[in-house]
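# An overview of the molecular structure
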Amino acid sequence: MRLDKFLVECGLGSRTEVKKLLKSGKVMVNQVVEKSAKTHIDEVQDEISYQGHVLTYEKFVYYILNKPKGVISATEDPKHRTVLDLLDETARQKEVFPVGRLDIDTHGLLLLTNNGALAHEMLSPKKHVDKVYRAEVAGIMTEEDRHRFAQGIELKEFICQPADLEIVAIDENRQTSLVHIRIAEGKFHQVKRMVAACGKEVTDLERISMGPLVLGDELDLGAHRRLTAAEEEALAVFGVEV
Ligand code: URA
């Protein structure tokens, strides 16, 4: 790997910034000052230090983004802003991508990583990774709907796996419901379609958890953060290197 790429990925700054750091003679490769950005290093074997501190290379990185409405869960899009536009330079340099998709008008928890094997496992239908959504619904969700969710809602081309519907609040005056829906699949528009199959309409959808990861309330809409050590450890259940 090129030395400047390594330094950027260690979070020392943008390509331009790390070039300046290199020129100032503050970076050493195996205890020898190295000023060339183009130098190739072995990120596992070589010892790279900045101002006397040895830098450790992180192969994989993980971020939780509180995705706002209006951005696309993709790495590029001809028309709309993507979730990558909301990330910092270091995350982009690490070439992260979203693990699964949320609709453009859905907000909430989105995991981004550069760990392809982990993404594959988490998205595999065989793994049954639980996703919990908080949905505002036009219409009154009922016990009968809860029963239908538990049985497996029938959509046009498939029958959904059993899902949990928790009715959190009902507003009889406005004829609206607030519900939590737990599904283990991730089919196109699945939550909206399950609710529509009960004759009601989702008016706001937020993902609040995915597997062991919980959104919590400390991240503003559009903000992101690295996973904590405990959250990263929890990803080990998927049986791949994290
Ligand atoms: N279900 C939906 O309908 N939309 C999403 O974005 C996620 C789950």
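Residues numbered from 1 in each chain as written. Predicted model: local features only at pLDDT ≥ 70, side-chain atom pairs only at ≥ 80, totals over all residues. Heavy atoms only, no water.

### Description of the domain arrangement of the chain
Rule in force here: The start and end points of each domain follow an automatic or database-based domain assignment. Defined in terms of a 1.4 Å probe, buried area is the accessible area two parts forfeit on being brought together, summed over both. Salt bridge, as applied in this entry: a Lys or Arg side-chain nitrogen positioned within 4 Å of an Asp or Glu carboxyl oxygen. Distance and chemistry together define a polar contact, namely a pair of N or O atoms within 3.5 Å, with one atom able to donate a hydrogen and the other to accept it when in protein, and with adjacent residues in sequence counting only for side-chain atoms on both sides. For helices the rule is a DSSP run of H or I covering at least 4 residues; for strands it is a run of E covering at least 2, with both sets numbered from the N terminus onward. Three classes are used: nonpolar for Ala, Val, Leu, Ile, Met, Phe, Trp, Tyr, Cys and Pro, charged for Asp, Glu, Lys and Arg, and polar for all others, with Gly counted as polar.
The domain architecture assigned to the chain consists of domain 1 (3-54), domain 2 (62-125 + 216-238) and domain 3 (131-210). Placing a centre on the C-alpha atoms of domain 2 and another on those of domain 3 gives a separation of 23 Å. Each partner contributes to the roughly 1000 Å² buried at the junction of domain 2 and domain 3, and carbon and sulfur atoms together form 43% of this total. The largest contributions to the domain 2 side of the interface with domain 3 come from Asp103, His107 and Leu109, which together make up 46% of the buried area. The partner of Asp103 in a salt bridge is Lys192, and the shortest N-O contact between them spans 2.7 Å. Taken together, the links from domain 2 to domain 3 amount to eight residue pairs in polar contact (both at pLDDT 80 or more). Of all elements in the fold, only strand 7 (106-113) and helix 4 (116-123) reach the threshold of two or more residues within the side of domain 2 that touches domain 3. The dominant element in the side of domain 2 that touches domain 3, judged by the number of residues it contributes, is strand 7, at five residues. Partitioning the side of domain 2 that touches domain 3 into residue classes produces six nonpolar, three polar and three charged.

### Structural notes on the site of the ligand
Selection criterion: In this text, near means that some heavy atom of the residue lies within 4 Å of the molecule or strand in question. In these tables, accessible area is a Shrake-Rupley quantity obtained with a 1.4 Å probe, and a residue counts as shielded only by the protein chains included in the view.
Near the ligand you find Leu102, Asp103, Thr106, Tyr133, His189, Gln190, Val191, Lys192 and Leu205, and these make up its full shell. With respect to the ligand, the backbone of Gln190 contributes an N or O atom lying 3.4 Å from an oxygen atom. Separating an oxygen atom of the ligand from a backbone N or O atom of Lys192 is a distance of 3.1 Å. Taking 230 Å² as the accessible area of the ligand by itself, protein coverage stands at 95%. Looking at which element gives the most residues to the shell around the ligand, the answer is helix 6 (residues 190-197), with three residues.

### Points about the packing of aromatic side chains
Which entries qualify depends on this criterion: Here the aromatic set is Phe, Tyr and Trp, taking the six-membered ring for Trp, and pairing holds for ring centres within 6.5 Å; pairs whose planes are under 30 degrees apart are stacked, those over 60 apart are edge-to-face, and all others are tilted. Charges are assigned to positions over rings by a cutoff of 6 Å between ring centre and Lys NZ or Arg CZ, combined with an angular limit of 35 degrees from the ring normal.
For the coordinates displayed, the defined rule picks out one aromatic pair. With a centroid separation of 5.7 Å and an interplanar angle of 20°, the aromatic rings of Phe6 and Tyr57 are classed as stacked. Of this pair, Phe6 sits in helix 1 (residues 3-9) while Tyr57 sits in the loop between strand 4 (53-54) and strand 5 (62-67); the two residues are 51 residues apart in sequence, bridging distant segments of the chain. In this structure, Lys187 packs its charged tip against the face of Phe158, placed 4.2 Å from the ring centre.

### So, the environment of Glu206
Here is the rule we go by: Only protein chains enter the area calculation, which uses a 1.4 Å probe; residues under 20% of their type maximum are buried, those over 50% are exposed, and those in between are partly exposed. Contact between two residues is taken to exist if any of their heavy atoms lie within 4.5 Å; hydrogens are not considered.
Relative to the assigned elements, Glu206 resides in strand 11 (residues 201-210). Accessibility expressed as a relative area gives 15% for Glu206, which makes it buried. Along the backbone, Glu206 and Glu9 are 197 residues apart, and their C-alpha atoms lie at a distance of 31 Å. Setting aside chain neighbours within four positions, we find Glu206 in contact with Thr106, His107, Gly108, Val132, Tyr133, Arg134 and Leu215.

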